[in-house]
Amino acid sequence: MTIYLCGFMGCGKTTVGRVLADMLELGYEDMDAYIEKKAGMSIPQIFAEKGEDAFRRMETEAVAELGKAGGVISCGGGAMLKDINAGTAAKYGTVVYIDVPYEVCYGRISGDTNRPIVMANTKESLEEIYNDRVPLYLAHSQVRTDGNKSPEEIAADIKAKVNG
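What counts and how
Residues numbered from 1 in each chain as written. Predicted model: local features only at pLDDT ≥ 70, side-chain atom pairs only at ≥ 80, totals over all residues. Heavy atoms only, no water. Buried < 20%, exposed > 50% of the residue type's maximum accessible area, 1.4 Å probe, protein only. Helix = DSSP H or I, 4+ residues; strand = E, 2+ residues; numbered from the N terminus. Pairing = 2+ DSSP bridges. Arc of directions from axis to C-beta. Contact = heavy atoms within 4.5 Å. 1 Å grid on protein atoms, 1.4 Å probe; cavity = no way out; pocket = protein on both sides within 12 Å on 5 of 7 lines; lining within 4 Å. Points joined across faces, edges and corners; volume = space filled by probe spheres on them. Nonpolar A, V, L, I, M, F, W, Y, C, P; charged D, E, K, R; others polar. Core = buried A, V, L, I, M, F, W, Y, C linked by side-chain atoms within 4.5 Å. Salt bridge = Lys/Arg side-chain N within 4 Å of Asp/Glu carboxyl O. Expected span 1.5 Å × (residues − 1).

Enquirer: Could you clarify how one ought to interpret the pairing of strand β1 (residues 2-6) in this entry?
Expert: Side-chain positions along a regular strand alternate between the two faces of the sheet. Burial runs high along β1: 5 of the 5 residues are buried. Of the two faces of β1, the one lined by T2, Y4 and C6 and the one lined by I3 and L5 are each fully buried. Across 4 bridges, the pairing between β1 and strand β3 (residues 71-74) is parallel. For T2, the partnering residue across the bridge sits in β3 and is G71.

So this is what it looks like as structure tokens:
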């Protein structure tokens with residue numbers, strides 16, 4: 001079983017992913033950490049030295065590699081925006097969108113220096129990015145869950161929807 005968690009930065013993909021993996025007795029992988037390990041550099045370094053396009057190519061490779069391995073995968077906020085990534089993810093498993101209001105996400109990510117997109121944008125421009133991404137998250141996922149609950153409640157909801 002492979003479950004990809006998607007949603008805007010700060011929606012809880014990493015926290016929920018760990019809880020869900022334990023609940024389902026599956027392996028867990030954070031896609032950004034996987035990319036960092038494979039590239040031998042941090043996400044901000046990849047953006048600075050190789051550019052966002054190179055990072056997005058690494059993300060596309062990671063969607064397939066991690067999908068083949070199975071388990072619960074917390075995707076980066078932009079991973080499920082591309083049709084190719086969403087198609088690959090749907091081939092290997094289920095894509096779950098964790099739906100959290102912008103203000104909640106922003107409260108969690110503001111000032112996070114490990115997020116190049118956060119550091120390069122204002123609160124208002126991040127909200128525009130959020131609003132542009134939501135329809136893609138909805139279109140590219142098979143399951144939607146309300147992320148305005150505890151990580152345990154969100155994980156239980158995902159488990160019920162994926163196993164149901």
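Enquirer: Sorry, what's going on with helix α6 (residues 102-109) here?
Expert: Think of an α-helix as 3.6 residues a turn; residues three or four steps apart then line up on the same face. Looking at α6, one finds that the buried residues are Y102, C105 and I109. The buried residues of α6 all sit within an arc of 65 degrees when viewed along its axis, so they share a single face. Lining the buried residues of α6 we find α7 (116-119) and α8 (123-139). Taken from the residues just after α6, G111 is the one with a positive phi, measuring 80 degrees.

Enquirer: Can you walk me through the layout of surface pockets in this structure?
Expert: Over the atoms rolls a probe the size of a water molecule, and its path tells where empty space is left. As a volume, the largest pocket reaches approximately 500 Å³. What lines the largest pocket is a set of 27 residues, and nearest its centre among them are M9, D32, G76, G77 and R115. If you list the elements that add at least two residues to the lining of the largest pocket, you get α1 (13-24), α2 (31-39), α3 (43-49), α4 (52-69) and α7. Here the residues of the lining of the largest pocket are counted per class, giving 9 nonpolar, 9 polar and 9 charged.

Enquirer: I would appreciate a short explanation of the nonpolar core in the present structure.
Expert: In summary, soluble globular proteins display a tendency toward joint burial of nonpolar side chains. Y4, L5, F8, L20, M31, I35 and M80 are the most contacted members of the largest nonpolar core, which has 48 residues in total. Those residues in contact with L5 that lie beyond four places of it in its chain are K13, V16, G17, L20, V72, I73, S74, C75, V96, I98 and I158.

Enquirer: Looking at this model, I keep getting lost on the pattern of salt bridges. Mind explaining?
Expert: Any two side chains of opposite charge can pair, on the condition that their charged atoms come close. Evaluation of the coordinates by the stated rule reveals 8 salt bridges. The shortest N-O distance in the salt bridge between E59 and R56 comes to 2.8 Å. Of this pair, E59 and R56 both sit in helix α4, separated by 3 residues, roughly a single helical turn. Note on R56: relative accessible area 13%, which makes it buried. The shortest N-O distance in the salt bridge between D112 and R115 comes to 2.9 Å. One salt-bridge network, in which partners are shared between bridges, spans K38, E61 and E65.

Enquirer: What exactly am I supposed to notice about α1 here?
Expert: Across its 12 residues, α1 extends 16 Å between first and last C-alpha, which sits within 8% of the 16 Å expected from 1.5 Å per residue. Taken together, the buried positions of α1 are occupied by K13, V16, G17, V19, L20, A21 and L24. For α1, the secondary structure elements touched by its buried residues are β1, β2 (28-30), β3, β4 (94-99) and α9 (151-163). Phi turns positive, to about 55 degrees, at E25, one or two residues after α1.

Any functional reading would require information beyond the geometric quantities listed.
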